[in-house]
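Analysis of the macromolecular model
Read off the chains here:
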There are 2 protein chains.
Amino acid sequence: MIKIFDTENISVSEILKREQTSTGVEDIVAGVIADVRKNGDSALKEYTKKFDKADLDSLEVTGSEIEDAFVQVDDKFIDIIKKAKENIYNFHKHQVRNSFVISENDGIVLGQKVLPLQRVGLYVPGGTASYPSSVLMNCIPAKIAGVEEIVMTTPPRADGTINPVILAAAKIAGVGRIFKVGGSQAIAALAYGTESVPKVDKIVGPGNAFVAEAKRQVYGLVDIDMIAGPSEILIIADGTCNPEYVAADLLSQAEHDKLASAVLVTDSKELANAVSEQLEIQLRVLPREEIARTSIDNNGKIIITESIEKAVETANMIAPEHLEICVDNPFDYLDKVKNAGSVFLGKNCPEALGDYFAGPNHTLPTSGTARFSSPLSVDDFVKKTAFTYYTLDALSKVSEDIAYFAEKEGLSAHARSAVVRTRKKNS
Amino acid sequence: MIKIFDTENISVSEILKREQTSTGVEDIVAGVIADVRKNGDSALKEYTKKFDKADLDSLEVTGSEIEDAFVQVDDKFIDIIKKAKENIYNFHKHQVRNSFVISENDGIVLGQKVLPLQRVGLYVPGGTASYPSSVLMNCIPAKIAGVEEIVMTTPPRADGTINPVILAAAKIAGVGRIFKVGGSQAIAALAYGTESVPKVDKIVGPGNAFVAEAKRQVYGLVDIDMIAGPSEILIIADGTCNPEYVAADLLSQAEHDKLASAVLVTDSKELANAVSEQLEIQLRVLPREEIARTSIDNNGKIIITESIEKAVETANMIAPEHLEICVDNPFDYLDKVKNAGSVFLGKNCPEALGDYFAGPNHTLPTSGTARFSSPLSVDDFVKKTAFTYYTLDALSKVSEDIAYFAEKEGLSAHARSAVVRTRKKNS
């Protein structure tokens, strides 16, 4: 049963105390990374045999395997994937940034170039968490950014094949090469490169605790997207909402993972009770009932606030990954939202819309990091480089100032280099 | 003496092998963080007494201390700081991004809001590495982004005061509150908050190994800018360059730190030899000769390539923090630069221009991370939030597709939440 808190009796910060968790897999992962770094493909094949029960001659997916995938996946699903791709593309293309140049002062040109990352690695989990939507959400912004090569890794099934839905989504999204390797060994291969798997500049995509720890360990050598925590939804709903819909939306997060958290914040005690009842009714018919029930019982919360404004303040304190604002005039509150990954406005906007289809990314900041982090976007696949050009005349006008500044910082060689071209000329 | 490598005899990747270093301060820093988290201000005061020899009643810098600073710093320097501020402001204002909204389809509104971080912490080192330029470079982009409050921490001198130049720069740059605390204890205070020091959303600024390790340990709870490695310059110069200037620019990096690296890549053996000689001549007159000499001897390199094009390729492999392209037509090569933090174009553009004055940021990706990282910018002080609005009609048109997609991923509660509003209506 979900827990109900009334802010008349308990402070929001008390309700929200988060626990930190340690996965305890650091040493195992460090060992796998060292092994892959040293032994390359042969280590990858051994781990794949051990963990995925697949005995592979070649790690790379072939063109004919991809063609086969399109035969195996039904046409309706292919069409839906293509529609989703179009929506995701049309949203993310607005994130593209241009380089700029400033040439306003005599003999000075300044600018910033925006350049795509050259090679990106996309990790796609296998097994029950095999999500073609992740392939689209990670790959499409990278393509828009202009990344030259997108390399995907995903663990094979025991017969050495990959789920054809994943292969089809990868082809539609524009992945370049696909390798049959999963877990921390895949992350190691992408970070260091092996005979088969090319070294990348950035690794993106979700994964289990081993994958997350491996990403943490290779961060710095390559970039990573984020270390994602369990999925979260916070729904703000007023007394006019249908409790059946609110409960259905809460459960769509709860079914992800026993650690997922689903929180309702409402100004209506009636809605609080009605949603609590609906959760119990709907839980019984869910195929993933056990996962969802554990999530709701352990991490689910209904928080009663005195107003919808206070509910938005509470949401800002939690900084949820997903935020639904289920009221009749949701745009009234948009300016008040300070910390949230993705916001779903109004009563007809279940978060599932955003998981697959609407366009905005589903890779979002978790665990309160929406205070300072952003949804995955085209920005994550570019880097910026500044450039500066001065003529000798332009340099002459400022070199003494720069030398003065440098001497104040105790850096004489900086001062020297500022004036070596100009002071000599004047003397 | 600097080492000279000729790519006729040795491959670039062989020349470039980087070593990884471990600082071994992890446990000390973890202890300090735990102590500050538990004991707040009293822990901060104890560490400040122990490490900085300053016995403080109050940690916060007062208004009259800041006024005093302006009396102590000479007017010429105040003017130069203000000019630098203007240049930095004028460059970074071009980085501001707008929110966007898309309302192209019936009953659908999508968008992305760009929001400033609410509170940012700026770490400023004390002692010999007391750099007012860092205050400007970190603070100005945050102000442009719209950050509500910028909190600065810096270690006091033994008499409990702060270098007035730092205070003046902080005031000019727009810092809100300043605290007299340094080291890993300052990072802990900014990440967790104490009675005096408010908890921030992001910590930026340079620091020693303890500060860097503390930033690494609190990353995730708060955001950080980067873990900066030693400073680097790579100069591409052809045979027409004046070796005196090239050597002066190399030394401006070498004087930073014994671990700093200064690399010349040239197609001219004559220039290589002449620069090597000039380094020895100029080293002798540097106040920081010992540091610069160690840097040049241990990490300095001159690499001879067969052409300037090959030199640019070598620079792309190294992905240097600072890149000078000292040739007559430097813009000819700008499109070929793929990996560099900040590029200085032409023969009149010493990197020191960028350290203080020209406008682009001096906080730059080190250790080859320019492959995937960017200079500090306004982007580092904002976050993005996506939003989605659908009318019931708009939802009705896509809900069955979404449910189909969700079922393919084995997520029935997602499917339910997609159709709960629309399927009932149709039935």
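Residue numbers run consecutively from 1 along every chain, following the written order of its sequence. Just so you know, chain letters begin at A and ligand numbers begin at 1, following the order they were written in. Only residues with pLDDT of at least 70 are given local features in this predicted model, and only at 80 or more are side-chain atom pairs given and counted; all residues enter the totals for whole chains, interfaces and linings. For the side-chain quantities, the full set of heavy atoms in the structure was used; hydrogens and water were omitted.

Overview of helix H10 (residues 269-283) of chain A
Short version of the rule: Put simply, DSSP marks the helices as runs of H or I at least four residues long and the strands as runs of E at least two long, and each gets a number from the N terminus on. Here the expected length of a helix is defined as 1.5 Å per residue gap, with one fewer gap than residues. To sort residues, take the accessible area from a 1.4 Å probe on protein chains only and compare it with the maximum for the residue type: under 20% means buried, over 50% means exposed, and anything in between is partly exposed.
Over its 15 residues, H10(A) runs 21 Å from end to end, which matches the ideal 21 Å to within 8%, given 1.5 Å per residue. Among the residues making up H10(A), those that are buried are A:Leu271, A:Ala272, A:Val275, A:Ser276, A:Gln278, A:Leu279, A:Glu280, A:Gln282 and A:Leu283.

Concerning the interface of chain A and chain B
Keep this limit in mind: The contact criterion used throughout is that any non-hydrogen atoms of two residues lie within 4.5 Å. Buried area: the sum, over both parts, of the accessible surface (1.4 Å probe) that disappears when the two are put together. By definition, a salt bridge exists where a carboxyl oxygen of Asp or Glu is found within 4 Å of a side-chain nitrogen of Lys or Arg. Ten residue types, Ala, Val, Leu, Ile, Met, Phe, Trp, Tyr, Cys and Pro, are classed as nonpolar, four, Asp, Glu, Lys and Arg, as charged, and the remainder, Gly among them, as polar. Strands qualify as paired when DSSP identifies two bridges or more between them.
Residue-level contacts link 115 residues of chain A with 114 residues of chain B. In this assembly, chain A packs against chain B so that about 10,500 Å² is buried in total across both faces, 58% of it on carbon and sulfur atoms. For the pair chain A and chain B, the number of links is twelve salt bridges. When the shortest N-O distance is used, the salt bridge between B:Lys384 and A:Asp379 registers 2.5 Å. Residue contributions to the side of chain A that touches chain B peak at nine residues, all from helix H14 (residues 392-408) of chain A. Taken together, the residues of the side of chain A that touches chain B sort by class into 58 nonpolar, 29 polar and 28 charged. Note that strand S14 (residues 382-390) of chain A and strand S13 (residues 342-345) of chain B share four bridges and pair parallel. Its bridge partner lying in S13(B), A:Thr388 is registered against B:Phe344.

Examining the state of the cysteines
Convention followed: A pair of cysteine sulfur atoms is labelled a disulfide when the two atoms are within 2.5 Å.
According to the stated counting rule, one finds zero disulfides over all chains in the structure shown. The thiol of A:Cys241 is not disulfide-bonded; the next cysteine sulfur, from A:Cys326, is found 5.0 Å away. For the unlinked cysteine B:Cys349, the closest cysteine sulfur is that of B:Cys326, found at 8.6 Å. By relative accessible area, which is 0% here, B:Cys349 ends up buried.

Considerations on the relation of the copies chain A and chain B
Here the two chain copies are tied together by a rotation about an axis and a shift along that axis. Put simply, the rule reads: For this overlay, a least-squares fit was computed on C-alpha atoms, restricted to residues scoring pLDDT of at least 70 in both copies.
In the superposition of chain A on chain B (RMSD 0.0 Å, axial shift 0.0 Å), the rotation amounts to 180°. Within this description, the copies of the chain are treated as partners about a two-fold rotation axis. When C-alpha distances to the rotation axis are compared across chain A, the minimum falls at A:Arg97, with a value of 4.4 Å. Taken together, the interface assignments show that 99% of the residues at the interface of chain A recur at the interface of chain B, consistent with an identical surface on both copies.

With respect to the packing of helix H9 (residues 243-254) of chain A against H10(A)
All names here are of chain A. Applied cut-off: Only the stretch in contact is used when a helix axis is fitted, and all axes are lines through C-alpha atoms; the angle between N-to-C directions ranges over 0 to 180 degrees. Put simply, angles under 35 degrees are roughly parallel, angles over 145 are roughly antiparallel, angles from 65 to 115 are roughly perpendicular, and the rest are oblique. In this scheme the crossing of two helices becomes right-handed for a clockwise turn of the near helix relative to the far one and left-handed for an anticlockwise turn of less than a right angle.
Between H9 and H10, the least distance of the axes is 8 Å, while the angle of their chain directions is 60°. One finds that H9 runs oblique with respect to H10. For the crossing formed where H9 meets H10, the hand is right-handed. Contacts between H9 and H10 pair Pro243, Glu244, Val246, Ala247, Ala248, Leu250 and Leu251 from the former with Leu271, Ala274, Val275, Gln278, Leu279, Gln282 and Leu283 from the latter. When its residues are assigned to classes, the contact of H9 with H10 shows eleven nonpolar, two polar and one charged.

Looking at the confidence of the model for chain A
The line we're drawing: What pLDDT conveys is the predictor's confidence in a given residue, as a value from 0 to 100.
Per-chain confidence: chain A averages 93 in pLDDT, with 96% of residues scoring 70 or above. This complex was scored by the predictor with a pTM of 0.93 and an ipTM of 0.93.

Considerations on the sheet that holds strand S8 (residues 223-224) of chain B
Residue and element names in this part refer to chain B. Strand order in the open sheet made by the five strands is S6-S5-S4-S7-S8, with parallel pairing throughout. Among the strands making up the open sheet, the edge pair consists of strand S6 (177-180) and S8. The pairing of strand S4 (residues 119-123) with strand S7 (residues 202-204) spans three bridges and is parallel. Bridging from a neighbouring strand, Leu122 pairs with Val204 of S7. On top of the sheet, helix H5 (residues 132-145) reaches S4, strand S5 (149-154) and S7; it is set at about 165° to S5, its chief contact.

Notes on the domain arrangement of chain A
Residues and elements named next belong to chain A. Convention followed: These domain limits were set by an automatic method or by a database of domain assignments. Any pair of N or O atoms that falls within 3.5 Å is considered a polar contact. Within protein, one atom must be able to donate a hydrogen and the other to accept it, and sequence-neighbouring residues count only if both atoms are side-chain atoms.
Domain annotation of chain A identifies domain 1 (26-224), domain 2 (229-372) and domain 3 (392-426). Computed over C-alpha atoms only, the centres of domain 1 and domain 2 are separated by 30 Å. Contact between domain 1 and domain 2 buries roughly 960 Å² in total, counting both sides, with carbon and sulfur atoms accounting for 56%. A per-residue breakdown of the area domain 1 buries against domain 2 is headed by Asn87, Ser133 and Met137, which together make up 47% of the total. Taken together, the connections running from domain 1 to domain 2 amount to zero salt bridges. Inspection of the domain 1/domain 2 interface yields five residue pairs in polar contact (both at pLDDT 80 or more). Among the elements of the structure, helix H4 (75-92) and helix H5 (132-145) are those that each provide at least two residues to the side of domain 1 that touches domain 2. When residues in the side of domain 1 that touches domain 2 are grouped by element, the largest group, seven residues, is from H4. Split by residue class, the side of domain 1 that touches domain 2 holds seven nonpolar, five polar and one charged.

Describing the pattern of salt bridges
One pass over the structure, following the stated rule, counts 42 salt bridges over all chains. The partner of A:Arg97 in a salt bridge is B:Asp379, with the nearest N and O atoms 2.3 Å apart. Separated into two different chains, A:Arg97 in the loop between H4 and strand S2 (100-102) and B:Asp379 in the loop between helix H13 (352-356) and strand S14 (382-390) make up a pair that spans both. Of the two residues, A:Arg97 and B:Asp379, neither departs from the other in class, the shared state being buried. Of the charged contacts in the structure, one is a salt bridge between A:Asp223 and A:Lys202, with a shortest N-O distance of 3.3 Å. Linking A:Asp223 in strand S8 (residues 223-224) with A:Lys202 in strand S7 (residues 202-204), this pair joins segments that are 21 residues apart in sequence.

Here's the deal with the packing of H4(A) against H5(A)
All names here are of chain A. Between H4 and H5, the shortest axis-to-axis distance is 10 Å and the interhelical angle comes to 40°. Looking at the two axes, H4 sits oblique to H5. Crossing geometry of H4 relative to H5 is assigned as right-handed. Counting all contacts with H4, which are made through Phe77, Ile81, Ala84, Lys85, Ile88, Tyr89 and His92, the residues of H5 involved are Pro132, Leu136, Met137, Ile140, Pro141 and Ile144. For the contact of H4 with H5, the class distribution of residues is eleven nonpolar, one polar and one charged.

Considering the pairing of strand S4 (residues 119-123) of chain A
Within a regular beta strand, the side chains point alternately toward one face of the sheet and then the other, so they alternate between its two faces. All names here are of chain A. With four of five residues buried, S4 lies mostly within the body of the structure. As judged from the five bridges shared by S4 and strand S5 (residues 149-154), these two strands associate in the parallel manner. The residue bridging Gly121 from the neighbouring strand is Val151, located in S5.

A closer look at the side chain of B:Arg421
Note on placement: B:Arg421 falls in the loop between helix H15 (412-419) and helix H16 (423-426). The buried category is assigned to B:Arg421, whose relative accessible area is 4%. In terms of polar contacts, B:Arg421 uses its side chain to reach the backbone carbonyl oxygen of B:Ser417, at 3.3 Å. Residues contacting B:Arg421, with those up to four places away along its chain left out, are A:Tyr245, A:Asp249, A:Glu324, A:Lys347, A:Asn348, A:Cys349, A:Pro350, B:Leu392 and B:Leu395.

Comments concerning the sheet that holds strand S1 (residues 3-6) of chain B
Across the sheet, which stays open at both edges, the nine strands sit in the order S2(A)-S3(A)-S14(A)-S13(B)-S12(B)-S9(B)-S10(B)-S11(B)-S1(B) with mixed pairing between neighbours. Whereas interior strands pair on both sides, the edge strands pair on one side only; in this sheet they are S2 of chain A together with S1 of chain B. Here the strands of the sheet are splayed against their neighbours by 15° on average, with no regard to which way each runs. As defined by bridge partners, strand S3 (residues 108-116) of chain A adjoins S14(A) across nine bridges and the pair is classed as antiparallel.

Remarks on the packing of aromatic side chains
Basically, it comes down to this: The criterion for an aromatic pair is that two Phe, Tyr or Trp rings (for Trp, the six-membered ring) have centres within 6.5 Å, with stacked assigned to planes under 30 degrees apart, edge-to-face to planes over 60 apart and tilted to the rest. Definition used: whenever NZ (Lys) or CZ (Arg) falls within 6 Å of the ring centre and also within 35 degrees of the ring normal, the charge is taken to sit over that ring.
Applying the stated criterion across every chain yields a total of 13 aromatic pairs over all chains. With centroids separated by 5.4 Å and ring planes inclined at 55°, the aromatic side chains of A:Phe100 and B:Phe91 adopt a geometry described as tilted. Separated into two different chains, A:Phe100 in strand S2 and B:Phe91 in helix H4 (residues 75-92) make up a pair that spans both. The exposure classification of A:Phe100 matches that of B:Phe91, with both residues buried. Ring plane angle 20° and centroid distance 6.2 Å describe the contact between A:Tyr219 and B:Tyr219, whose orientation is recorded as stacked. Of this pair, A:Tyr219 sits in the loop between helix H8 (209-218) and S8 while B:Tyr219 sits in the loop between helix H8 (209-218) and S8, each in a different chain. Among the aromatic residues, those joined into a cluster by ring pairs are A:Phe77, A:Tyr356, B:Tyr404 and B:Phe405. Its end group placed over the ring of A:Phe381, A:Lys202 keeps NZ or CZ at 5.8 Å from the ring centre.

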